[in-house]
Amino acid sequence: MSISYFLEYKLAFTALLLFLNLSDLLVSQANAESKVHIVYMGRRQHDDVELATSAHHQLLTSVLGSQKAARDSIIYSYKHGFSGFAARLTKSQAKKIAELPDVVHVVPNHFFKLHTTRSWDYLGLSESSPPTNLLHEANMGDGIIIGVLDTGIWPESEAFNDKGLGPIPSRWKGHCQSGDKFDPATACNRKLIGAKYYLKGFEAEAGRPAIKDPDFLRFDIASPRDRDGHGTHTSSTAGGSFTPNASYHGLGYGTVKGGAPKARIAMYKVCWNWLIGGCTFADTMMAIDEAIHDGVDILSISLGLEIPLYADIDMRNGIAFASFHAVIKGITVICSGGNEGPYPQTVVNISPWILTVAASSIDRSFPTLITLGNNQTFSETGFIGIAHPEISELEDTRFCNNLNTNDTWAAGKVVLCFIVKGDELYLPFTQQVVQEVGGLGLIVAKNPTRDLNDLTFDFPCIEVNFDVGSQLLNYIRYSRKPQVKLIPTRTHVGQPVSTHLASFSSRGPNSVAPAILKPDIAAPGVNILAAVLPADTPYKFESGTSMAAPHVSGIVALLKSLHPHWSPAAIKSALVTTAWVTDPHSGEPVISEGNPNKLADPFDFGGGLVNANGAKDPGLVYDMGTFDYILYLCSMGYNNSAISMLIDQAASCPIKRPSILDVNLPSLTIPSLRKTVTVRRTVTNVGPVNSKYKAIIEPPLGITIKVKPETLIFNSSTKKISFTLTISTSHKYTTYYYFGSLTWTDGVHRVRSPISVRNEFPELVC
């Protein structure tokens, strides 16, 4: 979420509180006792959707006392991927419903939040690639349907033109929904084949209709049309058509396209700018339920809960539960990992059936050269004065957030100021202040990151690190007439720009299930140029794991086209085990931005940087199905009846709880190693029928790993083989995580699984 976007919401929300009239207050008081709840009933009891809806109404009628009360109360009926409904209920009514035998969970409605050209060339998916490239082998994703949950879509963007596309896939059951400023007859085509919006949950939280609220009309549109730009950006990144000659104010010039340019897009608008902005649980559940019915192949979701998370077995973790139903029906669900980095245990969307994405940079930068009056150059109108906002030793105002319109000394000069972590929020205000007092430019010294800030391009604003900032400050302090010359920002591609894991990208380990590695993979999410609303430019740079997730969605569309029978778990395994762990072009280590920077590890980028062409032929995959997810749910303590209602069959957990370490993931994370443990994995051969793989172990520091068998031999009758890993430690003290890997190789394929181990002796620590 951009700074201006966040501030706009805050200001709107404050204004709303200040000017709320008496009638609004009375309505709010009347509705205070009643709140939207989601009643989750597990698997569908009826294939007939009308019968399912009727059953929901009957259940609600039995508690509320009349059919009219039930009709007035219910908001959504979930009946395609799973069973349940959303309704306005008092606490006592919700409690009564929760006690009924057919009900699994009843939870209050709550909010999720949004988590944003060269990137496809960087990933080796250029249209000029050879015919053996995944992009061409998969026919650019033709026939695959990507469902996007986001803020809507701007259908007139060239990113959604349908030139060269054939008929809409016959299995498609969805449609385009009409609404304010959105006519399906002109908005939708053979590229944008579906567009719906879900507002009832948000309206229920607000306590009044959106279309009667002036703040809603100011910030949003009651239709699938995007008013924010986030949804247009993510959907064009995943599956946008070829659009040449694109740039943002001349930067990043080139052809913009999605990962799967011939894939079809279906937008499910669940996120709104109204009030404080966000996406409600009720609306999101309904969108996923209908996406399952409509026939999407992929769900791309760039939103999630905030830390601390609900447990996997907690129904309030709505994306996890709804997406489970999608995954067991063969739909791959890709989610952003969150933007709370670089702090550990901040990654979200952590269920094992979800493909969770971190954000990395690409080999492109936007340098601005700075030359001082003494001809010292840092990175480049004539020379103009440069000044720093310090007054005296007793009154030091050198920080950017302390600048104000009384600082007339900045007129006609370039201003240098410093900011510390957390004060980036003030940058747009600082720039505005310097402009208002007649300043000619701004140099900001801060902890360096790769993403461009949400600043205007008609005023020079340059970010440097503290080292350069300190050198500039010394020059200003000790020069009689300090001057500086700035040369406009330019686009630079290739050496020496190496890949970094973005500072904002949320990190593992998994805070709910530490033995499940998250994130799964990293993809470009820094300064991604894609379509937005055509206000001043039709394309814009955005940064975030929101932008990384649709990169993976586009790649998954290509893989799904090439391998239509692969399960979501097989696709995830192919991506994780073939990922790059070093820069794909230079071979240099991937740096994880933080305080301080460090070498990236699995908690930063999972298996590594997504390698699309490697994933098309992984050799072996760690596949998973319903049984494996039952194993996971049992290991997390979920009871038999609840699991049976969640899946589509009877389930019975063993008396002895299974080990979560045996879940058939393409990774191994041991959060508490005290003594020797043995874990089990099964691999499926998806390469040549007659294959022989040998194990290569790179053990974590102080850890011994033995694999049995050490060689896997596949033939026409042996397509799956199980093996065990026995892990022991030489450590005598509690440690942090150490990292290693297991790689199976046949001389052509390298099937690499990251290993993370922490030694823990709880009796020795508090």
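Residues numbered from 1 in each chain as written. Predicted model: local features only at pLDDT ≥ 70, side-chain atom pairs only at ≥ 80, totals over all residues. Heavy atoms only, no water.

1. Quick notes on the overall build of the protein chain
Looking only at helices and strands, one finds 21 helices and 39 strands in the protein chain. Taking all 766 residues of the protein chain together, the buried fraction comes to 58%. A total accessible area of about 30,800 Å² is found for the protein chain, and carbon and sulfur atoms account for 53% of it. (Helix = DSSP H or I, 4+ residues; strand = E, 2+ residues; numbered from the N terminus. Buried < 20%, exposed > 50% of the residue type's maximum accessible area, 1.4 Å probe, protein only. Areas by Shrake-Rupley, 256 points an atom, 1.4 Å probe, with all protein chains shown as cover.)

2. Observations regarding the sheet that holds strand β1 (residues 35-40)
Spatially, β2-β3-β1-β4 is the arrangement adopted by the four strands of the open sheet, whose pairing is antiparallel. Two strands close off the open sheet at either side, each with one partner strand: β2 (74-78) and β4 (105-108). For this sheet, the mean inter-axis angle between neighbouring strands, taken without regard to orientation, is 20°. By the bridge criterion, four bridges tie β1 to β4 in an arrangement that is antiparallel. Of the residues in β4, the one forming a bridge with V39 is V106. Helix-sheet contacts for helix α12 (residues 281-294) involve β1, β2, β3 (84-89) and β4, and the interaxial angle to β2 is about 35°. (Pairing = 2+ DSSP bridges. Axes fitted to C-alpha atoms, helices over the stretch in contact; angles between N-to-C directions. Contact = heavy atoms within 4.5 Å.)

3. Considering the state of the cysteines
This structure, assessed with the given rule, holds four disulfides. Each sulfur in the disulfide pair C271 and C279 lies 2.0 Å from the other. Residues C271 and C279 are joined by a disulfide whose S-S torsion is about 100°; by sign, that bridge is right-handed. Residues C271 and C279 agree in their burial class; the two are buried. Numbered in order of appearance, the disulfide-bonded cysteines of the protein chain are paired 1-2, 3-4, 5-6, 7-8. Free of any disulfide, C461 has its nearest neighbouring cysteine sulfur in C417, separated by 8.0 Å. On the basis of relative accessibility, which here comes to 22%, the residue C461 falls in the partly exposed class. (Disulfide = S-S within 2.5 Å.)

4. Quick look at the nonpolar core
L299 and W744 are the most contacted members of the largest nonpolar core, which totals 96 residues. Take this core: its biggest share by element is eight residues, from α12. Formed by 67 residues, the second largest nonpolar core is a distinct cluster that contains A195, A531, A548 and A570. (Core = buried A, V, L, I, M, F, W, Y, C linked by side-chain atoms within 4.5 Å.)

5. Remarks on empty space enclosed by the protein
A volume near 60 Å³ is recorded for the largest cavity. Listed by contribution, the elements that provide at least two residues to the lining of the largest cavity are β37 (720-729) and β39 (750-759). Among the residues making up the lining of the largest cavity, the classes are represented as eight nonpolar, two polar and one charged. (1 Å grid on protein atoms, 1.4 Å probe; cavity = no way out; pocket = protein on both sides within 12 Å on 5 of 7 lines; lining within 4 Å. Points joined across faces, edges and corners; volume = space filled by probe spheres on them. Nonpolar A, V, L, I, M, F, W, Y, C, P; charged D, E, K, R; others polar.)

6. Regarding the pattern of salt bridges
With the rule as written, the count across this model stands at 21 salt bridges. Across the salt bridge formed by K196 and D294, the nearest N and O atoms sit 3.0 Å from each other. In this pair, K196 sits in strand β7 (residues 192-197) while D294 sits in helix α12, placing the two residues 98 residues apart along the sequence. D294 gets classed as buried once you look at its relative accessible area, which sits at 1%. (Salt bridge = Lys/Arg side-chain N within 4 Å of Asp/Glu carboxyl O.)

7. Comments concerning the packing of helix α11 (residues 230-239) against helix α16 (residues 545-562)
Remark: α11 packs on α16, axes separated minimally by 7 Å, with the N-to-C direction vectors making an angle of 30°. In terms of axis orientation, α11 runs roughly parallel to α16. At the point where α11 passes α16, the crossing takes the right-handed sense. Between α11 and α16, the contacting residues are H230, H233, T234, T237 and A238 on the first element and S546, M547, P550, H551, S553 and G554 on the second. (Parallel < 35°, antiparallel > 145°, perpendicular 65-115°, else oblique. Left-handed = near helix turned anticlockwise from the far one by under 90°.)

8. Digging into helix α3 (residues 49-64)
In this model α3 runs 22 Å from its N-terminal to its C-terminal C-alpha over 16 residues, within 8% of the 22 Å that 1.5 Å per residue would give. Among all positions in α3, only A52, T53, H56, L59, L60 and L64 are buried. When α3 is viewed along its axis, its buried side chains cluster within an angular range of 125° and face the same direction. Within α3, the exposed residues directed more than 90 degrees away from the buried face are E50, Q58 and S62. In this structure, the buried residues of α3 make contact with α4 (67-73), β2, β3 and α5 (91-98). Positive phi shows up at G65, right after α3, with a value of about 100°. (Expected span 1.5 Å × (residues − 1). Arc of directions from axis to C-beta.)

9. Structural notes on the sheet that holds strand β32 (residues 668-673)
Strand order in the open sheet formed by five strands is β32-β39-β38-β34-β36, with mixed pairing between adjacent strands. Across the chains shown, the open sheet's two edge strands, defined by having one partner strand only, are β32 and β36 (711-714). Neighbour-to-neighbour, the strand axes of the sheet open up by a mean angle of 20°, direction not taken into account. By the bridge criterion, five bridges tie strand β34 (residues 691-698) to strand β38 (residues 737-745) in an arrangement that is antiparallel. Each bridged residue has a counterpart across the sheet, and for I697 the counterpart in β38 is L742.

10. Some remarks on the confidence of the model for the protein chain
On average, residues of the protein chain score 85 in pLDDT, and 84% of them are at 70 or above. Counting contacts from residues 1-32, a segment whose pLDDT is below 50, to residues more than four positions away or on other chains yields 36 contacts. (pLDDT = per-residue confidence, 0-100.)

11. What to know about the pairing of strand β13 (residues 298-301)
Neither face of β13 is open: one carries I298 and S300, the other L299 and I301, and all of them are buried. Inspection of the sheet shows strand β6 (residues 145-150) paired to β13 by four bridges, in the parallel sense. Within the sheet, the bridge partner assigned to G147 lies in β13 and is L299. When β13 meets strand β15 (residues 332-336), the two strands line up parallel, connected through four bridges. Paired with L299 across the strands is V333, a residue of β15.

12. So, the UniProt feature "active site" (unreviewed entry) in the protein chain
Residues annotated by UniProt as "active site" (unreviewed entry) correspond here to D150, H230 and S546. Inspection of the secondary structure puts D150 in strand β6. Exposure remark for D150: the relative accessible area of 0% places this residue in the buried category. At 2.6 Å, the side chain of D150 and the side chain of H230 are in polar contact. (UniProt positions renumbered as here; feature names shortened; annotations may be inferred. Polar contact = N/O pair within 3.5 Å; in protein donor to acceptor, adjacent residues only side chain to side chain.)

13. Focus: the environment of Y622
Of note, Y622 is situated in the loop between β31 (620-621) and α20 (626-635). Looking at Y622, the relative accessible area reads 1%, which means it is buried. For the pair formed by Y622 and R681, sequence separation is 59 residues and the distance between their alpha carbons is 7.7 Å.

14. Focus: the packing of aromatic side chains
Inspection of the entire model under this criterion finds 21 aromatic pairs. With 5.4 Å between their ring centres and 80° between their planes, F603 and F739 make a pair best called edge-to-face. Placement of the pair is F603 in helix α18 (residues 602-605) and F739 in strand β38, with a sequence separation of 136 residues. Given the relative accessible area of 2%, F603 is considered buried. Given a relative accessible area of 26%, F739 falls into the partly exposed group. Each ring, one from Y693 and one from F714, has its centre 6.1 Å from the other, and the planes form 85°; the classification is edge-to-face. Here Y693 is found in strand β34, whereas its partner F714 is found in strand β36, with 21 residues between them in sequence. Per residue, the accessibility class of Y693 equals that of F714, and both read buried. By the ring-pair criterion, three or more aromatic residues cluster together here, those being Y40, Y76, Y78, F82, Y198, Y268, F321 and Y638. Sitting over the ring of W154, R225 keeps its end group 4.5 Å from the ring centre. (Phe/Tyr/Trp six-rings, centres within 6.5 Å; stacked < 30°, edge-to-face > 60°. Lys NZ or Arg CZ within 6 Å of the ring centre and 35° of its normal.)

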